[in-house]
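Per-entry structural report
So the chains spell out like this:
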Amino acid sequence: MRDRIGKIHAKTRATRAMNPGPRYYEYSAVLHVHSRYSDGFGTVPEILGQAREAEVDILGLTDHDTRRAAEDPGEGYHGRVLLLVGAEVTPRQNHVLTWFTETLPPANEPLHTIIQRVSDQGGLSFIAHPNDRGNRTLRLPSYRWTERDIRDFTGIEVWNHLSHWSDRVKGIPTGLWNLRLPWRVLYNGPRAEDLALWDRLAQERPTVGIGGVDAHAVPVPRTHWKVFSYGVSFHAIRTQIFLTEPLSHQNGPDLQQIKRALRDGHCAIMAAHLGREKGFRYWIEDPSQVQFMGDRVSFCPKMRLRGISPVKAIWHVVRNGGRVHTTSGHLLDIPVVEPGCYRVELFRGKKGRAWIYSNPIYVEA
Ligand SMILES: [Zn+2]
Ligand SMILES: [Zn+2]
């Protein structure tokens with residue numbers, strides 16, 4: 001018995017010695033959610049109830065052009081779920097997700113003005129579903145990002161469940177089929193063009209990637225089905241947020257900490273239907289420093305990219321949009337031989353399905 005315990009302790013010590021990674025506290029957020037204050041079908045208390053059931057830590061509400069939920073039921077904790085009241089500023093195209101603003105820019109302003117007004121208030125802005133294709137069967141126009149010369153937003157929504165799912169709906173039979181399999185579209189990860197866009201932008205300037213669900217819970221006529229219930233959406237795509245201090249359950253300081261983490265890209269996108277184990281970390285280190293995902297760092301020899309996963313996974317290291325290394329297991333530990341914008345993609349399970357997309361680490365020359 002003592003032998004066994006001794007072995008376990010030795011193993012734990014060894015794992016720690018191999019992984020002295022930076023200490024972060026991880027929280028699971030669902031972002032981009034609509035309530036009855038715009039075109040969603042649930043009240044905010046109902047949505048909060050579903051979030052609680054799905055063990056969501058942070059609910060990022062984004063009704064179209066309104067923050068009414070900030071008055072009722074109010075931003076902050078509702079039980080153990082922290083409600084962030086943002087909005088989706090909704091011009092005809094170029095939708096923008098914002099959080100941490102008091103007043104919303106009018107949707108009829110030019111995109112650069114919308115983004116400017118958000119950042120003037122210290123808020124965060126993310127281009128929503130940048131490569132949305134629309135859908136003829138569902139009579140949805142494309143809401144893609146068209147003004148591609150605009151910059152200065154915080155980041156982009158790299159993965160949007162509703163927009164990605166609707167690509168699969170080519171008619172009523174495929175619509176019904178895909179309604180029964182809401183997660184099937186997520187198996188191979190975000191659309192290639194969304195990842196390529198992110199990689200291009202990130203090489204110009206730090207660009208935070210987030211995942212959104214775009215939940216509306218729209219009922220399907222003459223059925224009991226919805227596209228999708230909030231509960232289903234909350235198991236689709238999460239944004240895992242990494243904080244340097246644990247949440248204190250006081251609204252003010254916790255909102256500030258989450259804002260800093262999202263602004264700095266201390267977050268990763270997770271396909272939560274495959275499992276929501278916490279413990280993923282991705283960082284870079286050299287003898288003098290440790291930098292976390294989302295950070296910028298100057299290149300130096302002896303630098304190593306490191307990571308840990310709570311489950312065995314296939315790791316792909318992506319530099320400037322191209323895969324440069326693949327490994328499998330719980331750990332990543334490889335030398336960095338040149339500057340670039342480095343992120344990792346984790347696939348898991350026998351079928352190797354897409355699970356986690358880290359934010360990049362920006363290694364500058
Ligand atoms: Zn939208
Ligand atoms: Zn939306």
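Because the structure is predicted, anything quoted here is derived from the model rather than measured. (Residues numbered from 1 in each chain as written. Chains lettered and ligands numbered in written order. Predicted model: local features only at pLDDT ≥ 70, side-chain atom pairs only at ≥ 80, totals over all residues.)

Right, let's talk about the overall build of the protein chain for a bit. Along its length, the protein chain carries 8 helices and 20 strands. Against the 2.2 N^0.38 benchmark of 21 Å for 365 residues, the protein chain shows a C-alpha radius of gyration of 20 Å, consistent with a compact globule. Across its three principal directions, the C-alpha atoms of the protein chain cover 60 × 45 × 45 Å. Counting over 365 residues, the protein chain shows a buried share of 45%. Of the contacts made within the protein chain by residues no fewer than 6 positions apart, 70% connect residues no fewer than 24 positions apart. (Helix = DSSP H or I, 4+ residues; strand = E, 2+ residues; numbered from the N terminus. Rg over C-alpha atoms; globule rule 2.2 N^0.38 Å. Buried ≥ 20, exposed ≤ 12 C-beta atoms within 10 Å, placed from the backbone. Contact = placed C-beta atoms within 7 Å.)

With that settled, consider helix α3 (residues 111–120). For α3, the full list of buried residues reads L111, I114, I115 and V118. The arc that holds every buried residue of α3, seen down its axis, measures 95°, which confines them to one face. Opposite its buried face, α3 presents the exposed residues T113 and D120, each directed more than 90 degrees away. The elements touched by buried residues of α3 are β4 (81–89), β5 (96–99) and β6 (124–127). Of the residues flanking the end of α3, it is G122, one or two places downstream, whose phi is positive at about 75°. (Arc of directions from axis to C-beta.)

Once that is clear, we can look at the domain arrangement of the protein chain. Assigned domains within the protein chain: domain 1 (25–274) and domain 2 (281–364). Every contact between the two is made by 23 residues of domain 1 and, on the other side, 19 residues of domain 2. Secondary-structure elements contributing two or more residues to the side of domain 1 that touches domain 2 are α6 (192–204), β8 (208–212) and β12 (267–271). Looking at the side of domain 1 that touches domain 2 residue by residue, the class counts come to 14 nonpolar, 6 polar and 3 charged. (Domains from an automatic or database assignment. Nonpolar A, V, L, I, M, F, W, Y, C, P; charged D, E, K, R; others polar.)

Right, let's get into the environment of L61. Topologically, L61 is positioned in strand β2 (residues 58–64). With 30 C-beta atoms packed within 10 Å, L61 lands in the buried category. Sequence-wise, L61 and A236 are 175 residues apart; in three dimensions their C-alpha atoms are separated by 16 Å. L61 has contacts with V33, S35, V44, A69, L83, L84, V85 and G86, leaving out every residue within four places of it along the chain.

Here we come to the pairing of strand β11 (residues 237–243). In terms of residue burial, β11 counts as a mostly covered element, since 6 of its 7 residues are buried. Sheet topology note: the strand β1 (residues 25–33)/β11 ladder contains 5 bridges and is antiparallel. Within β11, the position partnered with Y25 by the bridge is L243. Sheet topology places β11 next to β12; 5 bridges connect them, and they run antiparallel. If you follow R238 over to β12, its bridge partner there is M270. (Pairing = 2+ DSSP bridges.)

A cis amide bond links D72 with the next residue in sequence, P73, at an omega value of 10°. With respect to the element layout, P73 can be found in the loop between β2 and β3 (76–78). Of note, the bond from V227 into F228 is cis; its omega dihedral lies within 30 degrees of zero at -25°. One non-glycine residue, N320, lies in the positive phi region at around 50°. As for its placement among the helices and strands, N320 is situated in the loop between β16 (304–319) and β17 (322–335). The exposure class of N320 is partly exposed, given the 16 C-beta atoms found within 10 Å.

This next bit is on the environment of G42. Along the polypeptide, G42 turns up in the loop between β1 and α2 (44–53). G42 has contacts with S35, R36, I47, A217 and Y230, leaving out every residue within four places of it along the chain.

Here the focus is the pairing of β6. Side chains L124 and F126 of β6 all project onto a buried face; the interleaved residues S125 and I127 project onto the opposite face, where all are buried too. Where β5 lies against β6, 4 bridges are found, and the strand directions are antiparallel. The residue of β6 that forms the bridge with V96 is I127. With 2 bridges joining them, β6 and strand β7 (residues 155–160) adopt parallel strand pairing. Among the inter-strand pairings, I127 is bridged to a residue of β7, identified as I156.

Attention now goes to α6. Helix length check: α6, at 13 residues, gives a terminal C-alpha distance of 19 Å against a target of 18 Å (1.5 Å per residue), a fit within 8%. In the core, the buried residues of α6 are packed alongside β7, β8 and β18 (340–348). (Expected span 1.5 Å × (residues − 1).)

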